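Results of the structural survey
Residues per chain are reported as follows:
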Amino acid sequence: MKSEELVCDCNIIHQDAVANAIKNKPNKEDLENLSELFKVIGDLTRLKILWTLDNNEMCVCDIANVLNMTKSSISHQLAVLRENEIVKSRKSGKEVYYTLDDEHISKLYEIGIEHIIHKMKGKENE
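Quick summary incoming for the structure in this document.

The secondary structure content of the chain amounts to six helices and three strands. Listing each helix as α and each strand as β along the chain from the N terminus yields α-α-α-β-α-α-β-β-α. Over its C-alpha trace the chain gives a radius of gyration of 20 Å, far above what one expects of a compact globule, namely 14 Å for 126 residues. For the chain, the spread of C-alpha atoms along the principal axes amounts to about 65 × 40 × 25 Å. Of all 126 residues assigned to the chain, the portion counted as buried reaches 22%.

If you want it as structure tokens, here you go:
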């Protein structure tokens, strides 16, 4: 064991903390659904699509142009995101426009980016 590892060496159960954690524990189905959500948005291409659609409504051609990818690959990833209710679409004539499904998806993405930037700045200051 490395000397830097933190180990709890006490034999005391902190009942208040344990009771609070148990009381606020999400049910199994909610945790499984959250795990699936993170798996879906954890794909690099899908994250790039979220970045592109954050505060923007775009068609497949626009997204493909921004990400320098094929329309086919973007369409495939959008289908996965749409099936998981991460993006939504609206049709206007022959064109289909995509946006993030709701403000929760936008917040997930934005908070994740904020967290990464904050951590990187912290490492720079060490």
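This is not the end of the story, as more comes after the structure.
This part covers the pattern of salt bridges. Close approach of charged atoms allows side chains with opposite charge to pair. In total, this model carries three salt bridges according to the counting rule given. With a shortest N-O distance of 3.9 Å, Glu 32 and Lys 28 are connected by a salt bridge. Here Lys 28 and Glu 32 lie together in helix H2 (residues 28-41), a separation of four residues that amounts to about one turn. Of the residues examined, Glu 32 reaches a relative accessible area of 42% and is grouped as partly exposed.

Residues Leu 31, Leu 34, Phe 38 and Leu 108 make up a contiguous nonpolar surface patch of roughly 330 Å² in combined accessible area. Broken down by element, the residue count for the nonpolar patch peaks at three residues, all from H2.

For helix H4 (residues 60-67), the full list of buried residues reads Val 60, Ile 63, Ala 64 and Leu 67. Each buried residue of H4 lies within a common arc of 100 degrees when the element is viewed along its axis, so the set occupies one face. Contacts from the buried residues of H4 go to helix H3 (44-53), strand S1 (58-59), helix H5 (71-83) and strand S3 (95-100). Immediately beyond the C-terminal end of H4, within one or two residues, lies Asn 68, with a positive phi of roughly 55 degrees.

This brings us to the sheet that holds S3. Pairing is antiparallel in the open sheet, where three strands are placed in the order S1-S3-S2. Edge strands, defined here as strands with exactly one partner in the open sheet, are S1 and strand S2 (87-92). By the bridge criterion, six bridges tie S2 to S3 in an arrangement that is antiparallel. By the bridge assignment, Ser 92 is partnered in S3 with Glu 95. Sheet strands in contact with H5 are S2 and S3, and its direction is about 115 degrees off that of S2.

The rules behind these values
Residues numbered from 1 in each chain as written. Predicted model: local features only at pLDDT ≥ 70, side-chain atom pairs only at ≥ 80, totals over all residues. Heavy atoms only, no water. Helix = DSSP H or I, 4+ residues; strand = E, 2+ residues; numbered from the N terminus. Rg over C-alpha atoms; globule rule 2.2 N^0.38 Å. Buried < 20%, exposed > 50% of the residue type's maximum accessible area, 1.4 Å probe, protein only. Salt bridge = Lys/Arg side-chain N within 4 Å of Asp/Glu carboxyl O. Patch = residues over 30% accessible without salt bridge, like charges linked within 9 Å, V, L, I, M, F, W, Y side chains within 5 Å. Areas by Shrake-Rupley, 256 points an atom, 1.4 Å probe, with all protein chains shown as cover. Arc of directions from axis to C-beta. Contact = heavy atoms within 4.5 Å. Pairing = 2+ DSSP bridges. Axes fitted to C-alpha atoms, helices over the stretch in contact; angles between N-to-C directions.

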